[in-house]
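Residues per chain, in single letters:
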Amino acid sequence: MIQRAHKKRVIAISGGAKNIGKGIALKFLELGWNVGIIDFDKHALGEFDVKIPEEAKKSILLYNGDVSDEYAVSEFYIKLKEKFYRLDAIVNNAAIGGFKNFLDLSLNEWRRVIDVNLTGYFLMARLGVPIILETAGRGSIVNISSTRALMSEPGNEAYSASKAGILGLTHALANSLGPNIRVNAICPGWILHEDEIISEREHLQHLTGRAGRIADVAELVYFLVDDERSGFITGQYFVIDGGMTKKMIYI
Ligand SMILES: NC(=O)c1ccc[n+]([C@@H]2O[C@H](COP(=O)([O-])OP(=O)(O)OC[C@H]3O[C@@H](n4cnc5c(N)ncnc54)[C@H](O)[C@@H]3O)[C@@H](O)[C@H]2O)c1
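Colleague: Which residues make up the overall build of the protein, and what are the values?
Modeller: The helix and strand tally for the protein stands at eight helices and seven strands. Here the protein has a C-alpha radius of gyration of 18 Å; the compact-globule value for 251 residues is 18 Å, and the two agree. Seen through its C-alpha atoms, the protein measures out along the principal axes to roughly 60 × 40 × 35 Å. Counting only residues that meet the buried cut, the protein has 41% of its 251 residues in that class. Sequence-distant contacts, at least 24 apart, represent 73% of the contacts inside the protein between residues at least 6 apart.

Colleague: Just give me the short version of helix α5 (residues 157–177), but keep the residues and values in it.
Modeller: Between its first and last C-alpha atoms α5 spans 30 Å; for 21 residues at 1.5 Å apiece the expected length is 30 Å, and the two agree. Residues A158, Y159, S160, S162, K163, I166, L169, T170, L173 and L177 constitute the buried set of α5. Buried-residue contacts for α5 involve α4 (107–135), β5 (139–144), β6 (181–188) and β7 (237–240).

Colleague: Mind laying out unusual backbone geometry, listing which residues take part and the relevant values?
Modeller: The linkage connecting G178 with the following residue, P179, adopts the cis geometry, with an omega of 0°. With respect to the helices and strands, P179 occurs in the loop between α5 and β6. Here N19, not a glycine, exhibits a phi torsion of approximately 50°, which is positive. Turning to its location among the elements, N19 is positioned in helix α1 (residues 19–30). Look at Y85: it is not a glycine, yet its phi comes out positive at around 70°. Within the secondary structure layout, Y85 lies in the loop between α3 (70–84) and β4 (89–92). A count of 18 C-beta atoms within 10 Å places Y85 in the partly exposed class.

About the thresholds
Residues numbered from 1 in each chain as written. Predicted model: local features only at pLDDT ≥ 70, side-chain atom pairs only at ≥ 80, totals over all residues. Helix = DSSP H or I, 4+ residues; strand = E, 2+ residues; numbered from the N terminus. Rg over C-alpha atoms; globule rule 2.2 N^0.38 Å. Buried ≥ 20, exposed ≤ 12 C-beta atoms within 10 Å, placed from the backbone. Contact = placed C-beta atoms within 7 Å. Expected span 1.5 Å × (residues − 1).

It is worth stressing that arrangement in space is one thing and function is another; only the former is reported here.
Rendered as C-alpha coordinates:
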(Lines give C-alpha, C1' and ligand atoms only; values in the text may rest on other atoms or scores of the structure.)
Protein backbone atom coordinates (compact mmCIF):
# COMPACT_ATOMS: atom_id res chain seq x y z
CA MET A 1 0.00 0.00 0.00
CA ILE A 2 1.41 3.38 -1.07
CA GLN A 3 0.55 5.19 2.14
CA ARG A 4 2.35 2.68 4.35
CA ALA A 5 5.58 3.62 2.59
CA HIS A 6 5.40 6.97 4.38
CA LYS A 7 7.18 6.13 7.62
CA LYS A 8 7.06 9.45 9.44
CA ARG A 9 4.21 9.38 11.94
CA VAL A 10 1.51 12.03 11.90
CA ILE A 11 -0.57 13.56 14.67
CA ALA A 12 -3.62 15.82 14.33
CA ILE A 13 -4.12 18.31 17.16
CA SER A 14 -7.13 20.55 17.61
CA GLY A 15 -6.56 23.94 19.25
CA GLY A 16 -2.81 23.66 18.74
CA ALA A 17 -2.11 27.33 18.04
CA LYS A 18 -1.42 28.25 21.65
CA ASN A 19 -0.84 27.07 25.21
CA ILE A 20 -1.43 23.34 25.92
CA GLY A 21 -2.18 22.36 22.30
CA LYS A 22 0.87 24.24 21.05
CA GLY A 23 3.04 22.58 23.70
CA ILE A 24 1.81 19.17 22.55
CA ALA A 25 2.50 20.13 18.92
CA LEU A 26 6.06 21.26 19.71
CA LYS A 27 6.72 18.06 21.69
CA PHE A 28 5.73 15.86 18.74
CA LEU A 29 7.69 18.03 16.27
CA GLU A 30 10.74 17.56 18.51
CA LEU A 31 10.12 13.81 18.49
CA GLY A 32 10.24 13.84 14.69
CA TRP A 33 6.53 13.54 13.94
CA ASN A 34 4.57 15.46 11.32
CA VAL A 35 1.95 17.63 13.00
CA GLY A 36 -1.37 18.94 11.69
CA ILE A 37 -3.13 21.66 13.68
CA ILE A 38 -6.69 22.91 13.34
CA ASP A 39 -7.44 26.09 15.26
CA PHE A 40 -9.93 28.90 14.78
CA ASP A 41 -7.60 31.62 16.09
CA LYS A 42 -6.04 32.95 12.87
CA HIS A 43 -3.85 35.44 14.71
CA ALA A 44 -2.36 32.77 17.03
CA LEU A 45 -1.76 30.46 14.05
CA GLY A 46 0.08 33.32 12.29
CA GLU A 47 2.25 33.99 15.36
CA PHE A 48 3.05 30.28 15.64
CA ASP A 49 3.89 30.12 11.94
CA VAL A 50 6.47 32.92 12.03
CA LYS A 51 8.28 31.24 14.95
CA ILE A 52 8.64 27.87 13.21
CA PRO A 53 12.14 27.46 11.76
CA GLU A 54 12.08 27.19 7.94
CA GLU A 55 13.34 23.57 8.00
CA ALA A 56 10.46 22.51 10.30
CA LYS A 57 7.75 23.97 8.01
CA LYS A 58 7.59 20.81 5.94
CA SER A 59 6.61 18.93 9.11
CA ILE A 60 3.67 21.11 10.10
CA LEU A 61 0.26 21.93 8.68
CA LEU A 62 -1.59 24.91 10.16
CA TYR A 63 -5.28 25.00 9.25
CA ASN A 64 -7.62 27.80 10.28
CA GLY A 65 -11.03 26.33 11.09
CA ASP A 66 -13.67 25.60 13.69
CA VAL A 67 -13.79 22.05 15.09
CA SER A 68 -17.56 22.23 15.47
CA ASP A 69 -17.90 22.75 11.70
CA GLU A 70 -18.04 19.41 9.87
CA TYR A 71 -16.91 20.98 6.59
CA ALA A 72 -13.85 22.58 8.23
CA VAL A 73 -12.80 19.35 9.97
CA SER A 74 -13.26 17.42 6.74
CA GLU A 75 -11.18 19.94 4.74
CA PHE A 76 -8.50 19.90 7.46
CA TYR A 77 -8.12 16.13 7.11
CA ILE A 78 -8.07 16.34 3.30
CA LYS A 79 -5.19 18.82 3.50
CA LEU A 80 -3.43 16.75 6.17
CA LYS A 81 -3.64 13.64 4.01
CA GLU A 82 -2.44 15.55 0.93
CA LYS A 83 0.60 16.84 2.83
CA PHE A 84 1.56 13.87 5.04
CA TYR A 85 -0.20 10.84 3.47
CA ARG A 86 -0.97 9.21 6.82
CA LEU A 87 -2.43 9.69 10.28
CA ASP A 88 -1.45 7.88 13.49
CA ALA A 89 -2.91 9.90 16.35
CA ILE A 90 -5.51 12.52 17.18
CA VAL A 91 -5.37 14.88 20.16
CA ASN A 92 -8.68 16.56 20.88
CA ASN A 93 -7.75 19.70 22.76
CA ALA A 94 -9.69 22.69 21.35
CA ALA A 95 -12.21 23.91 23.87
CA ILE A 96 -13.92 27.00 25.15
CA GLY A 97 -14.79 27.71 28.75
CA GLY A 98 -16.13 30.60 30.69
CA PHE A 99 -18.10 30.90 33.88
CA LYS A 100 -21.64 32.23 33.80
CA ASN A 101 -24.31 32.36 36.46
CA PHE A 102 -26.54 29.37 35.68
CA LEU A 103 -29.71 31.46 35.64
CA ASP A 104 -28.15 33.83 33.06
CA LEU A 105 -26.86 31.04 30.79
CA SER A 106 -28.76 31.08 27.49
CA LEU A 107 -29.54 28.02 25.40
CA ASN A 108 -27.29 29.36 22.64
CA GLU A 109 -24.37 29.77 25.04
CA TRP A 110 -24.90 26.24 26.39
CA ARG A 111 -25.09 24.85 22.84
CA ARG A 112 -21.92 26.63 21.71
CA VAL A 113 -19.87 25.07 24.54
CA ILE A 114 -21.26 21.59 23.85
CA ASP A 115 -20.75 22.09 20.08
CA VAL A 116 -17.07 22.94 20.43
CA ASN A 117 -16.03 20.88 23.45
CA LEU A 118 -17.99 17.70 22.76
CA THR A 119 -19.28 17.65 19.18
CA GLY A 120 -15.91 19.01 18.00
CA TYR A 121 -14.18 16.01 19.66
CA PHE A 122 -16.71 13.66 18.04
CA LEU A 123 -16.12 15.18 14.58
CA MET A 124 -12.33 15.03 14.87
CA ALA A 125 -12.60 11.33 15.78
CA ARG A 126 -15.38 10.45 13.34
CA LEU A 127 -13.58 11.94 10.32
CA GLY A 128 -10.03 11.08 11.43
CA VAL A 129 -10.40 7.43 12.44
CA PRO A 130 -11.03 6.17 8.86
CA ILE A 131 -7.76 7.86 7.80
CA ILE A 132 -5.84 6.20 10.68
CA LEU A 133 -7.25 2.81 9.73
CA GLU A 134 -6.60 3.32 6.01
CA THR A 135 -3.09 4.75 6.25
CA ALA A 136 -1.44 3.59 9.51
CA GLY A 137 -3.67 0.64 10.41
CA ARG A 138 -3.54 1.40 14.13
CA GLY A 139 -3.27 4.43 16.34
CA SER A 140 -4.37 6.39 19.35
CA ILE A 141 -6.75 9.17 20.36
CA VAL A 142 -6.18 11.39 23.39
CA ASN A 143 -9.05 13.58 24.55
CA ILE A 144 -8.21 16.52 26.77
CA SER A 145 -10.95 16.79 29.39
CA SER A 146 -10.58 18.60 32.74
CA THR A 147 -10.78 17.99 36.47
CA ARG A 148 -14.01 19.99 36.09
CA ALA A 149 -15.46 16.78 34.61
CA LEU A 150 -15.21 15.44 38.16
CA MET A 151 -15.81 18.46 40.42
CA SER A 152 -17.19 21.97 40.08
CA GLU A 153 -17.49 25.56 41.16
CA PRO A 154 -20.72 27.54 40.71
CA GLY A 155 -21.49 28.76 37.21
CA ASN A 156 -19.61 26.03 35.36
CA GLU A 157 -22.52 23.92 34.03
CA ALA A 158 -21.82 23.93 30.29
CA TYR A 159 -18.06 23.44 30.56
CA SER A 160 -18.29 20.74 33.27
CA ALA A 161 -21.01 18.88 31.36
CA SER A 162 -18.98 19.00 28.15
CA LYS A 163 -15.85 17.77 29.91
CA ALA A 164 -17.73 14.94 31.67
CA GLY A 165 -19.26 14.05 28.28
CA ILE A 166 -15.75 13.66 26.91
CA LEU A 167 -15.06 10.92 29.50
CA GLY A 168 -18.12 9.01 28.28
CA LEU A 169 -17.13 9.55 24.66
CA THR A 170 -13.66 8.24 25.53
CA HIS A 171 -14.72 4.88 26.97
CA ALA A 172 -17.39 4.42 24.28
CA LEU A 173 -14.84 5.02 21.52
CA ALA A 174 -12.35 2.69 23.23
CA ASN A 175 -14.97 -0.07 22.98
CA SER A 176 -15.87 0.74 19.37
CA LEU A 177 -12.33 1.20 18.04
CA GLY A 178 -10.31 -1.49 19.83
CA PRO A 179 -8.05 -3.32 19.26
CA ASN A 180 -6.52 -1.11 16.57
CA ILE A 181 -7.14 2.28 18.12
CA ARG A 182 -6.70 3.07 21.81
CA VAL A 183 -8.64 6.01 23.24
CA ASN A 184 -7.83 7.76 26.53
CA ALA A 185 -8.57 11.06 28.23
CA ILE A 186 -6.55 13.46 30.33
CA CYS A 187 -8.09 15.61 33.08
CA PRO A 188 -5.76 18.51 33.75
CA GLY A 189 -6.09 20.74 36.79
CA TRP A 190 -4.56 24.20 36.76
CA ILE A 191 -2.07 24.33 33.89
CA LEU A 192 -0.30 27.66 33.53
CA HIS A 193 -0.60 29.32 30.15
CA GLU A 194 2.44 30.65 28.26
CA ASP A 195 3.77 33.63 30.29
CA GLU A 196 1.15 33.21 33.06
CA ILE A 197 2.50 34.08 36.51
CA ILE A 198 0.66 33.20 39.72
CA SER A 199 1.35 33.83 43.40
CA GLU A 200 3.38 31.60 45.71
CA ARG A 201 0.17 30.89 47.63
CA GLU A 202 -1.59 29.72 44.47
CA HIS A 203 1.31 27.40 43.71
CA LEU A 204 1.59 26.05 47.25
CA GLN A 205 -2.08 25.04 47.53
CA HIS A 206 -1.14 22.09 45.27
CA LEU A 207 0.11 18.91 46.99
CA THR A 208 3.06 19.11 44.59
CA GLY A 209 3.89 22.67 45.66
CA ARG A 210 3.35 24.05 42.18
CA ALA A 211 0.72 24.48 39.49
CA GLY A 212 0.90 22.50 36.26
CA ARG A 213 3.10 23.19 33.28
CA ILE A 214 2.20 22.72 29.63
CA ALA A 215 5.09 20.24 29.43
CA ASP A 216 3.45 18.08 32.15
CA VAL A 217 0.42 17.54 29.88
CA ALA A 218 2.48 17.13 26.69
CA GLU A 219 4.53 14.40 28.38
CA LEU A 220 1.38 12.48 29.39
CA VAL A 221 -0.07 12.84 25.88
CA TYR A 222 3.12 11.35 24.47
CA PHE A 223 2.95 8.46 26.95
CA LEU A 224 -0.65 7.71 25.95
CA VAL A 225 0.02 7.96 22.21
CA ASP A 226 3.07 5.71 22.28
CA ASP A 227 2.09 2.05 21.95
CA GLU A 228 5.39 0.90 23.42
CA ARG A 229 4.67 2.76 26.66
CA SER A 230 0.90 2.53 27.05
CA GLY A 231 -0.20 -0.26 24.70
CA PHE A 232 -2.29 -1.96 27.43
CA ILE A 233 -4.20 1.21 28.37
CA THR A 234 -7.48 2.25 26.77
CA GLY A 235 -10.79 3.80 27.78
CA GLN A 236 -9.23 5.47 30.83
CA TYR A 237 -8.84 8.99 32.12
CA PHE A 238 -5.78 10.36 33.86
CA VAL A 239 -5.96 13.21 36.35
CA ILE A 240 -2.94 15.52 36.24
CA ASP A 241 -3.62 18.21 38.81
CA GLY A 242 -0.90 18.35 41.47
CA GLY A 243 -3.23 16.44 43.78
CA MET A 244 -5.96 19.09 43.97
CA THR A 245 -8.81 16.59 43.46
CA LYS A 246 -7.44 14.56 46.39
CA LYS A 247 -7.36 17.53 48.75
CA MET A 248 -10.34 17.88 51.05
CA ILE A 249 -11.47 21.48 51.47
CA TYR A 250 -14.42 22.32 53.75
CA ILE A 251 -14.10 26.11 53.93
N1 LIG B 1 -5.18 25.50 31.18
C2 LIG B 1 -5.80 24.81 32.11
O3 LIG B 1 -5.63 25.08 33.32
C4 LIG B 1 -6.73 23.68 31.75
C5 LIG B 1 -7.29 22.94 32.80
C6 LIG B 1 -8.14 21.88 32.50
C7 LIG B 1 -8.40 21.56 31.18
N8 LIG B 1 -7.84 22.29 30.18
C9 LIG B 1 -8.17 21.89 28.80
O10 LIG B 1 -6.99 21.87 28.03
C11 LIG B 1 -7.29 22.22 26.68
C12 LIG B 1 -6.41 23.37 26.26
O13 LIG B 1 -6.59 24.42 27.17
P14 LIG B 1 -5.74 25.76 27.13
O15 LIG B 1 -5.68 26.22 28.52
O16 LIG B 1 -4.50 25.58 26.35
O17 LIG B 1 -6.80 26.68 26.35
P18 LIG B 1 -6.58 27.90 25.35
O19 LIG B 1 -7.89 28.62 25.31
O20 LIG B 1 -5.37 28.65 25.69
O21 LIG B 1 -6.34 27.14 23.98
C22 LIG B 1 -7.38 26.49 23.32
C23 LIG B 1 -7.10 26.53 21.84
O24 LIG B 1 -8.24 25.97 21.17
C25 LIG B 1 -8.63 26.84 20.14
N26 LIG B 1 -10.07 26.69 19.90
C27 LIG B 1 -11.07 27.02 20.75
N28 LIG B 1 -12.25 26.78 20.16
C29 LIG B 1 -11.99 26.29 18.93
C30 LIG B 1 -12.81 25.86 17.86
N31 LIG B 1 -14.13 25.91 17.92
N32 LIG B 1 -12.21 25.40 16.74
C33 LIG B 1 -10.85 25.36 16.65
N34 LIG B 1 -10.04 25.78 17.63
C35 LIG B 1 -10.59 26.24 18.75
C36 LIG B 1 -8.26 28.23 20.61
O37 LIG B 1 -8.14 29.14 19.52
C38 LIG B 1 -6.94 27.96 21.32
O39 LIG B 1 -5.84 28.05 20.44
C40 LIG B 1 -8.79 22.53 26.66
O41 LIG B 1 -9.48 21.38 26.29
C42 LIG B 1 -9.08 22.88 28.09
O43 LIG B 1 -10.44 22.68 28.42
C44 LIG B 1 -7.02 23.35 30.43
